[in-house]
Amino acid sequence: MNVVFAVKQYISKMIEDSGPGMKVLLMDKETTGIVSMVYTQSEILQKEVYLFERIDSQNREIMKHLKAICFLRPTKENVDYMIQELRRPKYTIYFIYFSNVISKSDVKSLAEADEQEVVAEVQEFYGDYIAVNPHLFSLNILGCCQGRNWDPAQLSRTTQGLTALLLSLKKCPMIRYQLSSEAAKRLAECVKQVITKEYELFEFRRTEVPPLLLILDRCDDAITPLLNQWTYQAMVHELLGINNNRIDLSRVPGISKDLREVVLSAENDEFYANNMYLNFAEIGSNIKNLMEDFQKKKPKEQQKLESIADMKAFVENYPQFKKMSGTVSKHVTVVGELSRLVSERNLLEVSEVEQELACQNDHSSALQNVKRLLQNPKVTEFDAARLVMLYALHYERHSSNSLPGLMMDLRNKGVSEKYRKLVSAVVEYGGKRVRGSDLFSPKDAVAITKQFLKGLKGVENVYTQHQPFLHETLDHLIKGRLKENLYPYLGPSTLRDRPQDIIVFVIGGATYEEALTVYNLNRTTPGVRIVLGGTTVHNTKSFLEEVLASGLHSRSKESSQVTSRSASRR
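You'll find the protein entered in an unreviewed UniProt entry as Vacuolar protein sorting-associated protein 45, with Chlorocebus sabaeus given as the organism. In its Function (unreviewed entry) section, UniProt records this for the protein: "May play a role in vesicle-mediated protein trafficking from the Golgi stack through the trans-Golgi network."

In this section: the packing of aromatic side chains. Inspection of the entire model under this criterion finds 13 aromatic pairs. An angle of 80 degrees between the planes, with centres 5.6 Å apart, marks the rings of Tyr429 and Phe543 as edge-to-face. In this pair, Tyr429 sits in helix H16 (residues 417-430) while Phe543 sits in helix H20 (residues 540-550), placing the two residues 114 residues apart along the sequence. Both residues of the pair, Tyr429 and Phe543, belong to the buried class. What links up through ring pairs into an aromatic cluster is the set Tyr10, Tyr97 and Phe125. Over the aromatic face of Tyr39 sits the side chain of Lys8, whose NZ or CZ is 5.1 Å from the ring centroid.

It is worth spelling out H16 at this point. Helix length check: H16 (14 residues) gives 20 Å between terminal C-alpha atoms against 20 Å at 1.5 Å per residue, within 8%. Taking the largest bend as the criterion, H16 deviates by roughly 25 degrees, centred on Val423. Taken across its 14 residues, H16 has 11 buried, putting it largely inside the fold. Buried residues of H16: Tyr419, Arg420, Leu422, Val423, Ser424, Ala425, Val426, Val427, Glu428, Tyr429 and Gly430, and no others.

To continue, consider the nonpolar core. Ile215 and Ile507 are the most contacted members of the largest nonpolar core, which has 160 residues in total. Looking at this core element by element, the count peaks at 10 residues for helix H14 (residues 381-394). The residues touching Ile507, leaving out its near neighbours within four places in the chain, are Cys144, Cys145, Trp150, Ala183, Ala184, Leu187, Ile215, Leu216, Asp217, Arg218 and Thr535. The next biggest cluster of nonpolar side chains, apart from the first, holds 19 residues, and it includes Ile55, Leu66, Ile83 and Phe98.

The antiparallel open sheet is built from three strands, whose spatial order is E12-E13-E14. Looking at strand neighbours, the two that pair on one side only are strand E12 (242-243) and strand E14 (261-263), the edges of this open sheet. Examined bridge by bridge, E12 and strand E13 (residues 246-248) share two bridges and lie antiparallel to one another. The residue bridging Asn243 from the neighbouring strand is Arg246, located in E13.

By the definition in use, this model includes 30 salt bridges. Salt-bridge contacts for Lys330 lead to Asp269; the nearest nitrogen and oxygen are separated by 2.9 Å. Note that Lys330 is positioned in helix H11 (residues 308-344) and Asp269 in the loop between E14 and helix H9 (270-275), a separation of 61 residues in sequence. Both residues of the pair, Lys330 and Asp269, belong to the buried class. For Arg386, the salt bridge goes to Asp383, with nearest N and O atoms at 3.0 Å. You can see Arg386 and its partner Asp383 sitting in helix H14, three residues apart, about one turn around the helix.

For the pair helix H18 (residues 469-478) and helix H19 (residues 512-524), the least separation of the axes is 10 Å and the interaxial angle reads 30 degrees. For the element pair H18 / H19, the angle class is roughly parallel. The way H18 lies across H19 gives a crossing that is right-handed. Contact residues: H18 offers Leu470, His471, Leu474 and Ile478, while H19 offers Glu514, Thr517, Val518 and Leu521. Taken together, the residues of the contact of H18 with H19 sort by class into five nonpolar, two polar and one charged.

This part takes up a nonpolar patch on the surface. Judged by side-chain polarity, Met22, Leu45 and Tyr50 come together as a nonpolar surface patch covering roughly 280 Å² of accessible area. Locating Leu45 in the fold gives a position in helix H3 (residues 41-45).

Taken in spatial order, the six strands of this open sheet run E6-E7-E17-E15-E11-E10, and their pairing is mixed. Edge positions in the open sheet fall to strand E6 (130-133) and strand E10 (174-177), since each of these has one partner strand only. Along the sheet, successive strands turn relative to each other by an average axial angle of 25 degrees, direction set aside. Pairing geometry for strand E7 (residues 136-138) and strand E17 (residues 529-534), over three bridges, is parallel. Considered in E17, the bridge of Leu136 is made with Leu532.

Turning our eyes to something else, we now look at helix H6 (residues 152-168). Relative to the 24 Å expected for 17 residues at 1.5 Å per residue, H6 spans 24 Å between its end C-alpha atoms, a close match to the ideal helical length. Among the residues making up H6, those that are buried are Leu155, Arg157, Thr158, Thr159, Gly161, Leu162, Thr163, Ala164, Leu165, Leu166, Leu167 and Ser168. Taking the backbone nitrogen of Ala153 as reference, a side-chain oxygen 3.0 Å away marks Asp151 as the first, capping residue of H6. Lys170 lies just past H6 and shows a positive phi near 60 degrees.

Our focus in this paragraph is the environment of Arg498. Inspection of the secondary structure puts Arg498 in the loop between H18 and strand E15 (501-507). Sequence-wise, Arg498 and Ile478 are 20 residues apart; in three dimensions their C-alpha atoms are separated by 6.0 Å. Setting aside residues no more than four positions away along its own chain, Arg498 makes contact with Val209, Ile478, Lys479 and Gly480.

Our next topic: the side chain of Asp217. Position of Asp217 among the secondary structure elements: in strand E11 (residues 212-217). This buried residue, Asp217, is left without a salt bridge; Arg148 holds the nearest opposite charge, at 6.6 Å. Among the polar contacts listed, one links the side chain of Asp217 to the side chain of Ser181, at a separation of 2.7 Å. In contact with Asp217, other than residues within four places in its own chain, are Gln178, Ser181, Ala183, Val506 and Ile507.

The rules we used
- Residues numbered from 1 in each chain as written.
- Predicted model: local features only at pLDDT ≥ 70, side-chain atom pairs only at ≥ 80, totals over all residues.
- Heavy atoms only, no water.
- UniProt positions renumbered as here; feature names shortened; annotations may be inferred.
- Phe/Tyr/Trp six-rings, centres within 6.5 Å; stacked < 30°, edge-to-face > 60°.
- Helix = DSSP H or I, 4+ residues; strand = E, 2+ residues; numbered from the N terminus.
- Buried < 20%, exposed > 50% of the residue type's maximum accessible area, 1.4 Å probe, protein only.
- Lys NZ or Arg CZ within 6 Å of the ring centre and 35° of its normal.
- Expected span 1.5 Å × (residues − 1).
- Bend = angle between axes of the 7 residues up to and from the residue.
- Core = buried A, V, L, I, M, F, W, Y, C linked by side-chain atoms within 4.5 Å.
- Contact = heavy atoms within 4.5 Å.
- Pairing = 2+ DSSP bridges.
- Salt bridge = Lys/Arg side-chain N within 4 Å of Asp/Glu carboxyl O.
- Axes fitted to C-alpha atoms, helices over the stretch in contact; angles between N-to-C directions.
- Parallel < 35°, antiparallel > 145°, perpendicular 65-115°, else oblique.
- Left-handed = near helix turned anticlockwise from the far one by under 90°.
- Nonpolar A, V, L, I, M, F, W, Y, C, P; charged D, E, K, R; others polar.
- Patch = residues over 30% accessible without salt bridge, like charges linked within 9 Å, V, L, I, M, F, W, Y side chains within 5 Å.
- Areas by Shrake-Rupley, 256 points an atom, 1.4 Å probe, with all protein chains shown as cover.
- Polar contact = N/O pair within 3.5 Å; in protein donor to acceptor, adjacent residues only side chain to side chain.
- Lys, Arg positive; Asp, Glu negative; His and termini not counted.

If you want it as structure tokens, here you go:
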């Protein structure tokens with residue numbers, strides 16, 4: 001179950017099926033992103049695709065010597081663009097691929113528009129999602145719910161994305177969902193409806209143990225997306241932001257022109273592929289090794305190119321050298337900027353207190369540490385608000401809850417009203433009243449013993465103590481212990497055996513920390529394959545935008561001052 005490979009295969013097949021000759025790839029805004037995640041421009045150029053165009057671009061030239069490969073989402077808008085295109089074709093022949101199920105009436109409209117008979121074929125290729133890592137996909141939707149319920153347009157897009165994923169991996173799953181979330185149940189029902197309606201598409205070879213789709217809601221764990229991260233991919237997203245593998249470095253002091261935007265893709269950057277899940281400290285020493293290796297291979301300035309053989313060797317090695325040079329300068333810049341932000345924002349100290357708030361249960365120590373950091377001028381308003389949010393979520397119903405005092409501290413620090421309001425909004429979004437699970441206190445004797453032993457021997461790394469709640473959920477699922485009263489099956493049938501192929505989808509967005517959890521579970525659990533997806537992949541900034549977009553805060557304007565009292569209201 002590799003989502004990058006699945007999308008890549010679709011695109012390769014489109015290009016192969018169009019046969020030899022020069023081609024143009026015609027896409028829409030979304031499919032452009034889908035393709036760019038799995039193929040570089042130079043890789044596609046090698047397949048005789050010489051031009052990349054947007055279907056909505058008004059000023060495309062007529063080029064009758066080119067074949068057109070059209071890869072589009074089956075939206076009304078795209079079908080209309082395609083009808084206009086076919087009435088006045090700019091290219092010699094058209095191979096049309098829709099990224100999802102297209103209605104018969106739309107196909108009929110296209111056929112009627114094709115008076116010049118330029119369409120060679122119309123097919124459905126289900127690459128309707130963003131393949132981020134081999135085991136991680138996203139739909140790039142920010143703000144999928146209004147209150148606790150789906151925004152109808154986003155529900156439709158998410159259903160399409162999720163059913164396309166199942167079709168691309170050739171899985172017809174049983175479905176389980178988080179009972180405490182109305183949105184999870186609704187999505188489960190919509191996916192089931194599509195599977196029932198399009199049953200012929202979902203007729204795959206039956207496996208002994210059917211695959212399982214588990215639908216969860218971000219509200220159940222609002223802690224994970226609020227934490228600072230210390231593994232490379234997650235840290236880059238948290239501090240710099242990754243958007244379809246691209247990182248904007250234009251704000252970096254003294255940045256050179258060619259490094260204002262860089263691409264980090266494990267598909268064609270070996271250093272990134274080998275280091276994306278490693279801790280920041282390890283990255284530092286690996287960058288040093290990369291630099292040393294680069295220095296050894298660097299052509300000597302005084303190297304004399306005396307013979308033809310010398311020149312030939314230099315020219316042959318130059319592309320590799322240039323590529324390595326690009327990789328080195330890119331990673332040195334990225335790691336340098338991460339390092340600058342860590343010291344400028346005092347993130348080691350901030351992160352240590354975040355981990356204490358997420359993993360320990362000592363209220364007075366946590367409160368003292370948060371208060372101390374709020375007095376520190378190096379701590380930004382963003383990080384200050386984040387600490388208070390974590391405190392508010394963890395100690396929401398604690399008898400000595402001191403949230404009103406911390407809110408005053410935020411005001412005195414000069415933290416803007418936008419961030420202060422977000423504290424109550426986050427509690428409204430993912431507080432005790434909403435959660436179907438108990439995020440903080442260990443549930444059973446085994447967990448209590450584990451926590452006690454962990455406390456005794458200390459932790460190997462104070463910055464990475466936290467395990468996302470997803471880890472426990474998947475662990476129970478793999479062992480056949482996930483409670484049906486909390487995560488029921490949709491429909492009458494249940495799974496007798498332990499699941500082997502698991503697709504987890506998080507409404508409201510997954511995180512790179514959860515992707516790391518899935519990566520580790522895939523590595524350490526033989527016979528189990530897990531793919532994680534979300535409406536988006538969050539860092540703290542985008543998660544807070546998600547909370548704002550849900551509109552829950554507007555109902556609780558005054559509650560930031562009364563959270564400690566509201567605890568008794570059910």
